[in-house]
Amino acid sequence: MSEFRFSVSQLLQEPTGATRRYELDDPQLVVDETLRMHPVKGHVRLTRTPKGVLADADVHGNVDLECGRCLTLYAQPVAFDFSEEFYQTVVVNTGAKLPPPDEEDAFLIDETHKLDLAVAMREYLLLNLPPAPRCKEDCKGLCSICGANLNDGTHTHEPEATDERLAGLSKLLGQSEQ
Ligand SMILES: [Zn+2]
Ligand SMILES: [Zn+2]
């Protein structure tokens, strides 16, 4: 399912401090039905720790977001980095279970010694999305009378078009725009 699973069985048999470096270059990271990052580029360094593997990653790409003003979908560049430890759950050679980490929501290396970086990437992507998406800084938004996208060029309304009903609608649109 995830393209970001790294086998760390070799690394887990090496001493603390041993590292591997990988390039991240994938067409996409799916977060849910409505959100995916594409493409996904960056790097990750995996370092053996006493309890597992530390992942230091820098990630960048785009997500399709809806502009809060004009409601069109646009490609928002995103970039983030993180450092997270993934805990070893079983001993590589014997398969014996290790005690679970104290931390409740800790990232875990699975029983086949795979580290799924995508679980951490999804969390950090969500933390790094803009709170108020804008297709561009000076997005003009939608016409409060007819709903046309004002970025497509200026347009005007004859005064008589603004009858009472439309004025009410424009008031409503104005309110929801915040
Ligand atoms: Zn916009
Ligand atoms: Zn208009």
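See above for the structure.
Attention here is on the structure that accompanies the text. These numbers come from a predicted model, not from an experiment.

Structural notes on the overall build of the protein
Looking only at helices and strands, one finds two helices and eight strands in the protein. Each of the 178 residues in the protein was classed as buried or not, and the buried ones make up 16%. Taking as baseline every contact in the protein between residues at least 6 positions apart, the subset at least 24 positions apart corresponds to 54%.

Topic: unusual backbone geometry
Cis geometry is found at the peptide bond from His 38 to Pro 39, where omega equals -15°. Mapped onto the secondary structure, Pro 39 falls in strand E4 (residues 35–48). Of note in this structure, Leu 71 is not a glycine but carries a positive phi near 65°. Its location among the elements puts Leu 71 in the loop between strand E5 (52–66) and strand E6 (73–87). On the basis of neighbour counts, which here come to 12 C-beta atoms within 10 Å, the residue Leu 71 falls in the exposed class.

Details of the nonpolar core
One finds Val 53, Ala 55, Leu 115, Leu 117 and Met 121 to be the most contacted residues of the largest nonpolar core, which totals 21 residues. Mapped by element, the contributors of at least two residues to this core are E4, E5 and helix H1 (117–127). Among residues more than four places away in sequence, those in contact with Leu 115 are Arg 5, Phe 6, Val 8, Val 53, Ala 55, Phe 86 and Ile 109.

A word on the pairing of E4
Where strand E2 (residues 19–26) lies against E4, eight bridges are found, and the strand directions are antiparallel. Its bridge partner lying in E4, Arg 21 is registered against Arg 45. Of the pairings in the sheet, the one linking strand E3 (residues 29–32) to E4 comprises three bridges and is antiparallel in character. From the neighbouring strand, Val 30 faces E4, where its bridge partner is Arg 36. The turn joining E3 and E4, which pair antiparallel and follow one another in sequence, is formed by two residues. Bridge count for E4 against E5 is ten bridges, and the pairing is antiparallel. Each bridged residue has a counterpart across the sheet, and for Lys 41 the counterpart in E5 is His 60.

Brief notes about the environment of Ala 120
You can see Ala 120 is positioned in helix H1. On the neighbour-count criterion, Ala 120 (21 C-beta atoms within 10 Å) is buried. Remark: the alpha-carbon pair of Ala 120 and Ala 57, spanning 63 residues in sequence, is separated by 9.7 Å. With residues up to four places along the chain from it excluded, the contact list for Ala 120 reads Ala 55, Phe 82, Glu 84 and Phe 107.

Focus on H1
The set of residues buried in H1 consists of Leu 117, Ala 120, Met 121 and Leu 125. Taken end-on, H1 shows its buried residues confined to a sector of 135°, consistent with a single buried face. In H1, the exposed positions angled more than 90 degrees off the buried face are occupied by Leu 126 and Leu 127.

Criteria and cut-off values
Residues numbered from 1 in each chain as written. Chains lettered and ligands numbered in written order. Predicted model: local features only at pLDDT ≥ 70, side-chain atom pairs only at ≥ 80, totals over all residues. Helix = DSSP H or I, 4+ residues; strand = E, 2+ residues; numbered from the N terminus. Buried ≥ 20, exposed ≤ 12 C-beta atoms within 10 Å, placed from the backbone. Contact = placed C-beta atoms within 7 Å. Core = buried A, V, L, I, M, F, W, Y, C linked by C-beta atoms within 7 Å. Pairing = 2+ DSSP bridges. Arc of directions from axis to C-beta.

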